[in-house]
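The residues making up each chain are set out below.
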Amino acid sequence: MSNVIEVRNVSKVFGKEENQTKVLNDATFCVKKGEFVSLMGASGSGKSTLLYLVGGLDREFTGSIQLDGREISKMKEKELAKFRLDKIGFVFQFYNLVQNLNVEDNILLPQTVKGKKKSELKDDLEEILKITGLTAKRKAMPGELSGGQQQRVSIARAVLAKPDLILADEATGNLDSKSGKEIMDLFTRLNREKKITILQVTHSADCAAYSDRTILIENGHIVSYN
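Right, let's talk about the nonpolar core for a bit. By size, the foremost hydrophobic cluster in this structure holds 33 residues, and its most contacted members are Val91, Ile107, Ile128, Ile155, Ile166 and Phe187. Listed by contribution, the elements that provide at least two residues to this core are helix H3 (103-113), helix H4 (118-131), helix H5 (147-160), strand E7 (165-169) and helix H6 (177-193). Looking at this core element by element, the count peaks at 6 residues for H5. Excluding residues that lie within four positions of it along the chain, isoleucine 107 makes contacts with Leu125, Ile128, Leu129, Val153, Ala156, Arg157 and Leu160. Among the nonpolar cores identified, the runner-up in size contains 29 residues, and Phe29, Leu67, Ile72 and Val201 belong to it.

Have a look at this one:
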């Protein structure tokens, strides 16, 4: 299998020279196409920073990050923005839903912003509502949903674009254990049925157990690469 993600000797510092903090130190790892991988570490270990760098949300680093064989540091801003929109689905700890839009309009929003018509997206929308268990909630507003349901909306929104890769940052961090299990079951289904590569950041051993393998990070260093 080919590598979807290749991170080579990546380091990252915050702050100015006289007061710098090294958040990542020579981090190196790969994720193969179709894998479900967890990046695990304690708070402050650098795992979320590394995920943001992989997603091109932060471009200040040294080293090399390639997605599908393309060096993201060499992409221009517009090119990278299009690449993210077409290839990557982001799922964050906070759901980032538009409060005055209902479930289906939240799911459709990024694609309609791209210029697609709702009629073009009808079949894909119906499928993703079914997979995420949101068909009966399609007209509900975010404020009428539980945390787990809101997170499923954000996942549906990410998956509607048919990304090759999902990057998830503590996706269950605000959820109770039952809702967290439902989200992890959903990720597993998307990985297996849709063949979407998933890289998730987590501090939870229970969440990491769902993945094919776990990469451990401590103080900015990759210490285990199973």
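And the narrative resumes.
Now for the pattern of salt bridges. Inspection of every chain in the model, using the stated rule, returns 18 salt bridges. Note that glutamate 104 and arginine 138 form a salt bridge whose closest N and O atoms lie 2.8 Å from each other. Separated by 34 residues along the polypeptide, glutamate 104 in helix H3 and arginine 138 in the loop between H4 and H5 bring together distant segments of the chain. As far as burial versus exposure is concerned, glutamate 104 and arginine 138 are alike and both buried. For glutamate 193, the salt bridge identified is with arginine 189, shortest N-O distance 3.1 Å. You can see glutamate 193 and its partner arginine 189 sitting in helix H6, 4 residues apart, about one turn around the helix. On the basis of relative accessibility, which here comes to 36%, the residue arginine 189 falls in the partly exposed class. A single salt-bridge network, built from bridges that share partners, covers Glu104, Glu126, Arg138 and Lys139.

So, on to the sheet that holds strand E8 (residues 197-202). Pairing is mixed across the open sheet formed by 6 strands, whose spatial order is E6-E7-E8-E3-E9-E10. On the outer flanks of this sheet lie strand E6 (88-91) and strand E10 (221-225), each paired with one strand and no other. On average, each strand axis in the sheet is inclined to that of its neighbour by 20°, with strand direction left out of account. On top of the sheet, helix H1 (residues 47-54) reaches strand E3 (36-40), E7, E8, strand E9 (213-218) and E10; it is set at about 150° to E7, its chief contact.

The rules we used
- Residues numbered from 1 in each chain as written.
- Predicted model: local features only at pLDDT ≥ 70, side-chain atom pairs only at ≥ 80, totals over all residues.
- Heavy atoms only, no water.
- Core = buried A, V, L, I, M, F, W, Y, C linked by side-chain atoms within 4.5 Å.
- Buried < 20%, exposed > 50% of the residue type's maximum accessible area, 1.4 Å probe, protein only.
- Helix = DSSP H or I, 4+ residues; strand = E, 2+ residues; numbered from the N terminus.
- Contact = heavy atoms within 4.5 Å.
- Salt bridge = Lys/Arg side-chain N within 4 Å of Asp/Glu carboxyl O.
- Pairing = 2+ DSSP bridges.
- Axes fitted to C-alpha atoms, helices over the stretch in contact; angles between N-to-C directions.

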